[in-house]
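# Residue-level structure breakdown
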Amino acid sequence: MNLLESAGFSRSNPYYVVQQGKIASLTLMKDSERLDLLKEIGGTRVYEDRRRESLKIMQETANKRKQIDQVVRYLEERLRELDEEKEELKKYQQLDKQRRSLEYTILDHELNDARNELASMDDNRRQISERMSQADNEVVELRERVKSLEKEIKASTKGINETKSEKGDAEKKRTEALKVVSQIELDLRDLKDRISSEKRAKDEAVRELNSMRKESEKSKSELAQISKVHAAKLKEEEDISKSIMDREKRLSILYQKQGRATQFKNEAARDEWLRKEIHDLERVLLSNRKQESLLQDESQKLKDEINKLTNHIESRRSESSKLEAVLADKQKNHNDFTKQKNALQDERKSFWKEENSVTAEIDRLKEDLVKAQKSLDHATPGDIRRGLNSVSRIIRDHGIGGVFGPVLELVDCEEKFFTAVEVTAGNSLFHVVVENDDISTRIIQVLTREKGGRVTFIPLNRVHAPNVNVPQSSDFVPLLKKLKFRAEHRRAFEQVFGRTVICRDLETATRVARSNSLDCITLDGDQVAKKGGMTGGFYDSRRSRLKFVKVIRDNKAEIEKKTAHLENVGKKLKDIDKKITDLITKHQQMDAERDHAKSELEQFKADIASATKQKGSLEKALAKKEKSLANIRNQIEQIQSGIAMKNDEMGTELIDQLTLEERDLLSRLNPEITRLKEKFLSCKNSRIEIETRKEELENNLSTNLMRRQKELEAIISSADSKTLPVEVEAKEQELKESKRTLDEATTVLKANVDAINAHTRQMEQLKKQRDDLKALEANLEQTVQDGAKDLEQLMSSRSTYLVKQDECMKKIRDLGSLPADAFETYKRKNKKQLQKLLYDCNEQLKQFSHVNQKALDQYVNFTEQREQLQRRRAELDAGDEKIRELISVLDQRKDESIERTFKGVARHFREVFSELVQGGHGYLVMMKKKDGDAGDDDMDEDAPREADPEGRIEKYIGVKVKVSFTGKGETQSM
């Protein structure tokens, strides 16, 4: 506000708008009020505030001068008193100098002793620190080894668990394989027992078949003889029967002829009856002939059916033989396919094992990679890490090329140089190398826009590597020679590492840096700059960023290699799976064909058995048909004979008596008939006996011998079949494969047990090593603790000696100024002599106990204080003069401001009033205290006025307004 007021602005009218009633209030104001308003408009408040502050400071200065004058007067009085004590004080001072010299010498001895003790303690402390540092380093190494062992123990535990799981799977597989082997062995034993039993049955069947064949031949021979006799008997019986029938018929004809005369009236009636009889016989004959033809047809059909069945049986037997050969071939092919499939499955198992191993290795590498990336992130500053991630994202999103990556990822070297490289580069390890500055500018623009972090770029087109001539020496080697990088990045690496050499130790580094003006570094990371600066200390190599990057780089390369190998194994597995699938498909097709062939073979055997049975039935039916045909033919012959006799009788003379020949024939026929009947009965009985024996032989042959012979031939045929040996061979092959699977499962199980035992032994050894290392670590930690206690005691003693040293130095300082000979006079005396001399000196000083021992010091101090106070008073006087000059200047500037403001306001007042009141005039008059109203004529002009040299604020008392509305006559005051 003061600044605005000093520029001419007023708080009373901040907007410079005339308020209503303001003009009236101005005309009615008192002269003093108008003066105050004028002061406020002129900005004199600033001068008044500064003047008040200056007067306040001047008053404080006056008070201080009064105090200084009082203190100076007191000091002069005390100096006069001390000057009177100088004579005694001189004697006292001589003794006091001697005392102080002795005390200085004694204190100097004690100070040297304390310093020697402190130096010895520093040596001990350094040795203890070195031992503790060495123990700490060993503890760090031991902890790393313990961590590594625990990691191995964890891996062994995981391996044991995995192996136990594999062992459980192997035991299950072995149990299943044992079950399969046992089942196959049982099936094979059953097949072998079946083959052996069939072999025994075949041998017995062969023997029994031979016996049966002999018996059958014997029975057939006997049957053939009996059949011949039976046929002869049948023929004889038939002949006798025919003879009997012929004679009975002739006898009947004779009787009928003898009785025709009584039966018929004439020959015509007889012939008519005969024709009727002949017609009936012919009708019966026709019927019998039809029956004969039908039986012949049926017999021929039966013969055809029998021939057809015989051919069918032979074809089925031939086809059965072919099917058995086909089954044998298919079984052989089945075994070959099984061998191929087993070989492919074994190969696939090996690839599966390799795939699982490679997958586990890739998972382990990825786990180590993630750990290394996390460790690298923790070791990288947050804003730099965020910036590098943002750069990678920007490059990927915007497709920016020409970015090679941070120095950290482009450099490689031996692990022993990691510390030297990291310490030398510092944060330059995270500088991103780019091809040119356009690329870096583009990335920085995006990075700034997105606020993605902080990144430093090294554009290769802007890098000018320093030309450093490094001399050849065995004491050092340029760091750049130990680094591996691409040739196109050389300028970037020369800029970062070109001025640094690696030295053997810190002493060599100091000498090389001093003599060759090179930056030197040791393998431990201790640096010596070419200007002489040294930095170093402990560097935690466990947090080495290059180590993490190397792990990341090596793991990525190994993962890529393992992934490529895994893909190759996967392709091989796919090929093997395809081959196995094709084999299984062919195997299934072959099994289906084999099962179909087996079912066909069984069907053929069933067809052969059914056809054989049907053939036997047809042969029996054929025999019955042939017997019926023979009977029909006998009946036909008898009917034809009767027809012939009736035809012979027709047309003959009808007489009631027989001729002589007929009577003679009638007399012969009855005895012949009786004899023939007896012979027929005897022949019939003989034929029945022979027929009974024949039936017995036939039944024996058909129901016993032939059936048993067929059964034995079937047994021999089944025993001669190749199906069972093929099945045995297949089972033996399957048993071999199952045993191989069992052996593999047993081997795997044994390997798992051995692996578990090995892992257990290894884990026990690792635990023992870990416990030993922990015990050693505990000993080292105890050593560190003991060292810490020793250091604590040493530091406590050192503190005591430091306190003693400080006390000695303080006492020496308290002795004040010493005589010139104080350093050499008592130098050769021992402490006891010095103590005696000090005692004598103190005894002498007791005589001057009434002397003010601090008189000289007080005199000197008082003199110094008086001089200081006098200088201070002179400074205050000068300051008071300056303040008075300032007040005078402020008063003068204030009056000038009031006068300048008044003249401006008065001029504007005249101009405005003359414009408002035509013909009138008005003006302002500044009133002074000493002039009163007489000064009106002096202040109506606008010329500047000299300031009053007194500079008082009461110089002006008011502002009066004088106006005239007509421009004539007297003016009026308002």
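For every chain, the first residue of the written sequence is number 1, and numbering continues from 1 onward in sequence order. Selection of residues for local features in this predicted model requires a pLDDT of at least 70, selection of side-chain atom pairs for listing and counting requires 80 or more, and totals for whole chains, interfaces and linings are taken over all residues. Only hydrogens and water are set aside; all other atoms, that is, all heavy atoms of the structure, feed into the side-chain values.

With an unreviewed UniProt entry as reference, the protein chain is termed SMC hinge domain-containing protein, source organism Aegilops tauschii subsp. strangulata.

### Some words on the overall build of the protein chain
Check the secondary structure of the protein chain and you find 18 helices and 11 strands. Every one of the 974 residues in the protein chain was classed for burial, and the buried ones make up 33%. Contact criterion: two residues are considered in contact whenever any of their non-hydrogen atoms come within 4.5 Å of each other. The contacts of the protein chain with a sequence gap of at least 6 include a subset with a gap of at least 24, amounting to 84%. For the accessible areas, the method is Shrake-Rupley and the probe is 1.4 Å, while residue cover comes only from the protein chains on display. Taken as a whole, the protein chain presents about 60,800 Å² of accessible surface, with 49% of it coming from carbon and sulfur. Labels follow the DSSP assignment, with helices taken as runs of H or I lasting at least four residues and strands as runs of E lasting at least two, numbered in each case from the N terminus. Summary of the burial criterion: residues with accessible area below 20% of their type's maximum are buried, those above 50% are exposed, and those between are partly exposed, where the area comes from a 1.4 Å probe applied to protein chains only.

### Concerning the environment of K579
You can see K579 is positioned in helix α14 (residues 545-649). Judged by its relative accessible area of 49%, K579 falls in the partly exposed class. Spatially, the C-alpha atom of K579 lies 10.0 Å from that of Q345, the residues being 234 residues apart in sequence.

### Section: the sheet that holds strand β6 (residues 519-522)
Working definition: the strands of a sheet are paired by backbone hydrogen bonds and lie parallel or antiparallel to each other. The rule for pairing is simple: two strands pair if DSSP sees at least two bridges between them. The mixed open sheet is built from five strands, whose spatial order is β4-β5-β6-β7-β8. Strands at the two margins of the open sheet, each flanked by one partner only, are β4 (476-478) and β8 (534-535). Where β4 lies against strand β5 (residues 500-503), three bridges are found, and the strand directions are antiparallel. Residue pairing for β5: F476 is matched across the bridge by C503. With axes taken as lines fitted to C-alpha atoms, and helix axes fitted only over the stretch in contact, angles between N-to-C directions fall between 0 and 180 degrees. In this fold helix α10 (residues 418-425) packs onto β5, β6 and β7 (527-528), with an angle of close to 145 degrees to the strand it touches most, β6. Those strands touched by helix α13 (residues 506-516) are β4, β5, β6, β7 and β8, and its axis lies near 170 degrees from that of β6.

### Brief notes about the pattern of salt bridges
Salt bridges are counted wherever a side-chain nitrogen of Lys or Arg sits within 4 Å of a carboxyl oxygen of Asp or Glu. All told, the structure shown has 24 salt bridges when counted by the stated rule. A salt bridge links R364 to E361; the nearest nitrogen and oxygen atoms lie 2.4 Å apart. Linking R364 with E361, this pair stays in helix α7 (residues 267-379), spanning three residues, or about one helical turn. Owing to a relative accessible area of 39%, R364 belongs among the partly exposed residues under this scheme. Take E361: its relative accessible area is 25%, and that puts it in the partly exposed class. A salt bridge links D397 to R393, with the nearest nitrogen and oxygen atoms 3.9 Å apart. Separated by four residues within a single helix, D397 and R393 lie in helix α8 (residues 382-398), roughly one turn from each other. One connected set of salt bridges, linked through shared partners, spans R316, E319 and D607.

### With respect to the sheet that holds strand β1 (residues 403-406)
Strand order in this open sheet of three strands is β1-β2-β3, and the pairing throughout is mixed. Lying at the two open borders of the sheet, with one neighbouring strand each, are β1 and β3 (457-459). Strand-to-strand twist in this sheet, taken as the mean axis angle between neighbours without regard to direction, amounts to 20 degrees. Taken together, the three bridges between β1 and strand β2 (residues 432-434) define a ladder with antiparallel strand orientation. Residue pairing in the sheet places G405 in a bridge with V433 of β2. Contacting β1, β2 and β3, helix α11 (residues 437-450) crosses the sheet at an angle of about 155 degrees to β3.

### Describing α13
Listing the buried residues of α13 in full gives T508, A509, V512 and A513. Mapping the buried residues of α13 onto a view down its axis gives an arc of 130 degrees, with all of them on the same face. Among the exposed residues of α13, those pointing more than 90 degrees away from its buried face are E507, R514 and S515. The inward-facing, buried residues of α13 contact β4, β5, β6 and β7. Directly after α13, the chain includes S517, whose backbone phi takes a positive value near 55 degrees. Along the arc lie the directions from the helix axis toward the C-beta atoms.

### Focus: the environment of K767
Relative to the helices and strands, K767 is located in helix α16 (residues 723-814). On the accessibility criterion, K767 (34% relative accessible area) is partly exposed. In sequence terms K767 and E152 are 615 residues apart; their C-alpha atoms lie 9.7 Å from each other.

### Points about the packing of aromatic side chains
Stacked, edge-to-face and tilted are the three classes for Phe, Tyr and Trp ring pairs, Trp counted by its six-membered ring, which pair at centre distances within 6.5 Å; planes under 30 degrees apart are stacked, over 60 edge-to-face, the rest tilted. One pass over the full model with this rule turns up two aromatic pairs. Aromatic pair F485 and F493: ring centres 4.5 Å apart, planes at 10 degrees, arrangement stacked. Measuring from ring centre to ring centre gives 6.2 Å for F493 and F497, while their planes differ by 15 degrees; the resulting arrangement is stacked. Highlighted residues: F493 and F497, both in helix α12 (residues 490-497), separated by four residues, approximately one helical turn.

### Concerning the packing of α10 against α14
The N-to-C vectors of α10 and α14 enclose an angle of 115 degrees; their axes lie 8 Å apart at closest approach. Taken together, the residues of α14 that come into contact with α10 (itself represented by F418, V421 and E422) are R545, L546, K547 and K550. Side-chain classes follow a simple rule in which Ala, Val, Leu, Ile, Met, Phe, Trp, Tyr, Cys and Pro form the nonpolar group, Asp, Glu, Lys and Arg form the charged group, and the remainder, Gly included, forms the polar group. A class-by-class count of the residues in the contact of α10 with α14 yields three nonpolar, no polar and four charged.

### A look at the confidence of the model for the protein chain
Per residue, pLDDT captures the predictor's confidence, and it can take any value from 0 to 100. With 83% of its residues at a pLDDT of 70 or more, the protein chain has an overall mean of 77. The weakest mean pLDDT in the protein chain belongs to helix α1 (residues 2-6) at 47; the strongest belongs to β2 at 90. Across residues 931-953 the pLDDT falls below 50, and counting only partners more than four positions away or on other chains, this stretch makes 40 contacts in the model.

### Focus: the nonpolar core
Think of a nonpolar core as a cluster: buried Ala, Val, Leu, Ile, Met, Phe, Trp, Tyr and Cys residues, connected wherever their side-chain atoms sit within 4.5 Å. Within the largest apolar cluster, 49 residues are counted, with the highest numbers of intra-cluster contacts made by V421, L483, F493 and F497. Ignoring any residue separated from it by four or fewer positions in sequence, one finds F497 in contact with V407, V421, T424, A425, L479, L480 and L483. With 17 residues, the next largest nonpolar core counts I153, L766, L780 and L794 among its residues.

### Things to note about α12
Buried within α12 we find A492, F493, V496 and F497. Considered in projection along α12, the buried side chains sweep an arc of 105 degrees and stay on one side of the axis. Where α12 is buried, its residues touch α9 (407-410), α10, β2, β3 and β5.

### Quick look at unusual backbone geometry
Not every positive phi belongs to a glycine, and S517 is a case in point at roughly 55 degrees. Here S517 lies in the loop between α13 and β6. S517 gets classed as partly exposed once you look at its relative accessible area, which sits at 48%.

### With respect to the pairing of β5
Neither face of β5 is open: one carries T500 and I502, the other V501 and C503, and all of them are buried. When β5 meets β6, the two strands line up parallel, connected through four bridges. Bridge pairing in β6 places T500 opposite D519. A right-handed crossover is one whose linking path, passing over the helix from the first strand to the second, runs clockwise when the strands point away from the viewer. A crossover links β5 with its parallel partner β6, the connecting element being α13, and its sense is right-handed.

### Remarks on the pairing of strand β10 (residues 956-964)
The element β10 is largely enclosed, with a buried count of eight among its nine residues. Sheet topology note: the strand β9 (residues 921-928)/β10 ladder contains eight bridges and is antiparallel. Counterpart to V925 in the pairing with β10 is K960.

### Looking at the side chain of T500
If you trace the backbone, T500 turns up in strand β5. Sequence-distant contacts of T500, that is, excluding residues within four places in its chain, are made with T424, P478, L479, D519 and I521.

### A short note on the side chain of S299
Within the secondary structure, S299 is located in helix α7. Each residue touching S299, except ones within four places of it in the same chain, is listed here: L622, K625 and E626.

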